[in-house]
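Examination of the molecular architecture
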Amino acid sequence: MAPYFFPPMWEQRRICIARVLRDYGAESVLEVGCGEGNILSFLVSEAATASDGRAPITRLYGVDVRKDSLDAARDRLVPDVHDYREARSVGLCIELYHGDGTRRIEGVDADAVVCSEVLEHVDEAVGVPALTNAILGAYRPRLAVFTTPNTEFNANFAPLNYGKPDAKFRDADHKFEWTRAQFEAWATAAAARFGYAVELLPIGVKMRNAGADFVSCGGCTQMAVFERTGDAVADADVASGGLVSSTPPVLLHAIEYPTHAALLGLVTAAAATAADAKGLFQADGLWADQAIKQQFRQRAALEAWLQANSAHTTSALRRSRSKAAKDVACYSFATDVQQPEQSAHSGAE
């Protein structure tokens, strides 16, 4: 069996990025070059499962130059049935922007900025400085995370012919790939210029089933974690125009994750109209309410929420069976439990 990474490299990168963000306590994160939303979707899951007392991520932003990638990201990031059945106690809003990642998005001020596996896809002489200026100079987040391939590790991938005249990059779209020394030189200079401390970390140091010819040369991916320490740096390059467009990115998709309080308030209000004389109501009656449809988006999501919440002994929602329709679940609210006021909510997108 050929050598392989476990977990796969893409997963190791996401785990490392999420761990840095979690350890730092970032509550809002922007990803520059978010593509189809793979890292953002991983951070959605991280935010949902946070249980160590730290404040969860409540805002995620993504920007990419390709609209089709952002459409795919939206499809990946919209709440599913599970997100209604296990609704969050704290809200999560996601905004996806279409445009040049080297231009600052007006109104976006995130705790952390992530730029993962993007540097190598732009021109080294022009694109890398533009991205560096935008992230560390224009956004100036408290934390910034960059990852890029370590070209030295290509020695372990025979088809890439590392060190030979016909050597190849890992991806046909890569414009360059840096050694560890080149990455360190860029990171150190950027940190000094913009007032950051920087830590360099390897990701994917070992491969399973590696033979005696395995070359130990750091990680397959190299990561730089910048933490802001100084004041803003006055530099004309920071405010320069973008690589692709002279206009800032524009909002393309907005997604809002439901909270338990908002859903309970909405269902309580709809049940007041849908309930019969005995206070019983069914999913059918609630689904006729336009606000319910706008929020839950899928009838299956509404039914999952009703079933999950009626099963909790601390919930005011009760489940029973209608004598008239034996196979249809009916619900009611206990009269001895105070109901919350209806929550204001606008639908996702």
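Model, not experiment: these values are computed from the prediction. (Residues numbered from 1 in each chain as written. Predicted model: local features only at pLDDT ≥ 70, side-chain atom pairs only at ≥ 80, totals over all residues. Heavy atoms only, no water.)

A look at the overall build of the protein
As a reminder, the rule being used: Secondary structure is summarised from DSSP: a helix means a run of H or I of at least four residues, a strand means a run of E of at least two, and numbering begins at the N terminus for each. Burial classes follow relative accessibility: with a 1.4 Å probe on protein chains only, a residue under 20% of its type's maximum area counts as buried, one over 50% as exposed, and anything between as partly exposed. Contacts: residue pairs with any heavy atoms within 4.5 Å of one another. Only the protein chains shown count as covering a residue, and every accessible area follows the Shrake-Rupley method with a 1.4 Å probe.
From N to C terminus, the protein includes 10 helices and 10 strands. When burial is assessed residue by residue, the protein has 46% of its 349 residues classed as buried. For the protein, contacts bridging at least 24 residues in sequence account for 77% of all contacts bridging at least 6. On the protein, roughly 17200 Å² of surface is accessible, and the fraction owed to carbon and sulfur atoms is 50%.

Examining the nonpolar core
Counted only if it meets this: Definition of nonpolar core: a set of buried residues of the types Ala, Val, Leu, Ile, Met, Phe, Trp, Tyr and Cys, connected through side-chain atoms within 4.5 Å.
Within the largest apolar cluster, 36 residues are counted, with the highest numbers of intra-cluster contacts made by Leu21, Val29, Leu43, Leu60, Leu77, Ile94 and Met223. Only helix 1 (9-24), helix 2 (38-49), helix 3 (67-77), strand 3 (92-98), strand 4 (112-116), strand 5 (143-149), strand 7 (221-228) and strand 8 (250-257) provide two or more residues apiece to this core. Ranked by residues supplied to this core, first place goes to helix 1 with six residues. Apart from the residues within four sequence positions on either side, Leu21 is in contact with Ala26, Val29, Leu43, Ala112, Val114 and Leu143.

Some words on the packing of aromatic side chains
For the record, the criterion: Any pair of Phe, Tyr and Trp rings, taking the six-membered ring for Trp, is counted once the centres come within 6.5 Å. Such a pair is stacked with planes under 30 degrees apart, edge-to-face with planes over 60 apart, and tilted for the rest.
Applying the stated criterion across every chain yields a total of 15 aromatic pairs. Between the aromatic rings of Phe183 and Trp186, the centroid separation amounts to 5.6 Å while the plane-to-plane angle is 25°, which identifies the pairing as stacked. Of this pair, Phe183 and Trp186 both sit in helix 6 (residues 180-194), separated by three residues, roughly a single helical turn. Trp186 sits in the buried class, given a relative accessible area of 12%. Connected via pairs of aromatic rings, a cluster forms that spans Phe146, Phe176, Trp178, Phe183, Trp186, Tyr196 and Phe226.

Re the environment of Gly62
Along the chain, Gly62 turns up in strand 2 (residues 59-64). Placed 34 residues apart in sequence, Gly62 and Leu96 show a C-alpha to C-alpha distance of 4.7 Å. When neighbours within four sequence positions are excluded, Gly62 is seen to be in contact with Leu30, Glu31, Cys34, Leu40, Glu95, Leu96 and Tyr97.

Some points on the pattern of salt bridges
The following threshold applies: Take a side-chain nitrogen of Lys or Arg and a carboxyl oxygen of Asp or Glu: if they are within 4 Å of each other, that pair is a salt bridge.
Summed over the entire model, instances satisfying the criterion amount to nine salt bridges. Residue Asp68 is joined to Arg66 by a salt bridge in which the shortest nitrogen-to-oxygen separation is 2.6 Å. Salt-bridge contacts for Glu152 lead to Arg180; the nearest nitrogen and oxygen are separated by 3.0 Å. Here Glu152, found in the loop between strand 5 and helix 6, pairs with Arg180, found in helix 6; they are 28 residues apart in sequence, far enough to count as distant.

Let's talk about a nonpolar patch on the surface
Here is the rule: Patches here: salt-bridge-free residues with over 30% relative accessible area, like charges joined within 9 Å, nonpolar side chains (Val, Leu, Ile, Met, Phe, Trp, Tyr) joined within 5 Å.
Residues Met1, Tyr4 and Phe6 make up a contiguous nonpolar surface patch of roughly 390 Å² in combined accessible area. Among the structural elements, Met1 can be located in the segment before helix 1.

A closer look at the side chain of Arg14
Our working rule: Neither His nor the chain ends is counted toward charge; the positive residues are Lys and Arg and the negative residues Asp and Glu.
Residue position: Arg14 is located in helix 1. Here Arg14 is buried and forms no salt bridge, its nearest opposite-charge partner Glu11 lying at an N-O distance of 7.8 Å. Residues contacting Arg14, with those up to four places away along its chain left out, are Asn38, Ile39 and Phe42.

Overview of the sheet that holds strand 6 (residues 196-203)
Hydrogen bonds between backbone groups are what pair the strands of a sheet, and the pairing can be parallel or antiparallel. Basically, it comes down to this: Any two strands are treated as partners once DSSP identifies two or more bridges connecting them. An axis is simply a line fitted to the C-alpha atoms; with a helix, the fit covers only the stretch in contact. Between two such axes, the angle follows the N-to-C directions and lies from 0 to 180 degrees.
Pairing in this open sheet of eight strands is mixed, and the strands run 6-7-5-4-1-2-3-8 from one edge to the other. Edge positions in the sheet fall to strand 6 and strand 8, since each has one partner strand and no second. For this sheet, the mean inter-axis angle between neighbouring strands, taken without regard to orientation, is 15°. Where strand 1 (residues 28-32) lies against strand 4, three bridges are found, and the strand directions are parallel. Opposite Leu30, over in strand 4, you have Val113 as the bridge partner. Sheet strands touched by helix 3: strand 2, strand 3 and strand 8. Its angle to strand 8, the strand with the most contacts, is close to 5°.

Quick notes on the side chain of Ser310
We apply this condition: A 3.5 Å cut-off defines polar contacts: any pair of N or O atoms within that distance qualifies, except that in protein one atom must be a possible hydrogen donor and the other a possible acceptor, and neighbouring residues in sequence count only when both atoms are side-chain atoms.
Mapped onto the fold, Ser310 is located in helix 10 (residues 299-310). At 2.9 Å, the side chain of Ser310 forms a polar contact with the backbone oxygen of Leu306. At 3.1 Å, the side chain of Ser310 forms a polar contact with the backbone oxygen of Gln307.

Here's the deal with helix 1
This is how it is decided: One fewer than the residue count of a helix, multiplied by 1.5 Å, yields its expected span.
The first and last C-alpha atoms of helix 1 sit 23 Å apart over 16 residues, in line with the 22 Å expected at 1.5 Å per residue. Restricting attention to buried positions, one finds in helix 1 the residues Met9, Gln12, Arg13, Arg14, Cys16, Ile17, Ala18, Val20 and Leu21.

Regarding the packing of helix 7 (residues 260-274) against helix 10
How we decide: Throughout, the term roughly parallel applies to angles under 35 degrees, roughly antiparallel to angles over 145, roughly perpendicular to angles from 65 to 115, and oblique to all others. Amino acids outside the nonpolar list (Ala, Val, Leu, Ile, Met, Phe, Trp, Tyr, Cys, Pro) and the charged list (Asp, Glu, Lys, Arg) are all regarded as polar, and Gly is one of them.
Interhelical geometry of helix 7 versus helix 10 gives an angle of 100° and a closest axis separation of 12 Å. It follows that helix 7 is roughly perpendicular to helix 10 by the angle criterion. Between helix 7, through His260, Leu263, Leu264 and Val267, and helix 10, the contact on the second element is made entirely by Trp305, Leu306 and Asn309. Its residues assigned to classes, the contact of helix 7 with helix 10 comprises five nonpolar, two polar and no charged.

Topic: the environment of Val225
Here Val225 lies in strand 7. Overall, the relative accessible area of 10% leaves Val225 in the buried class. As for Val225 and Glu199, which are separated by 26 residues in sequence, their C-alpha atoms are 5.2 Å apart. The residues touching Val225, leaving out its near neighbours within four places in the chain, are Val20, Leu143, Ala144, Ala197, Val198, Glu199 and Leu201.

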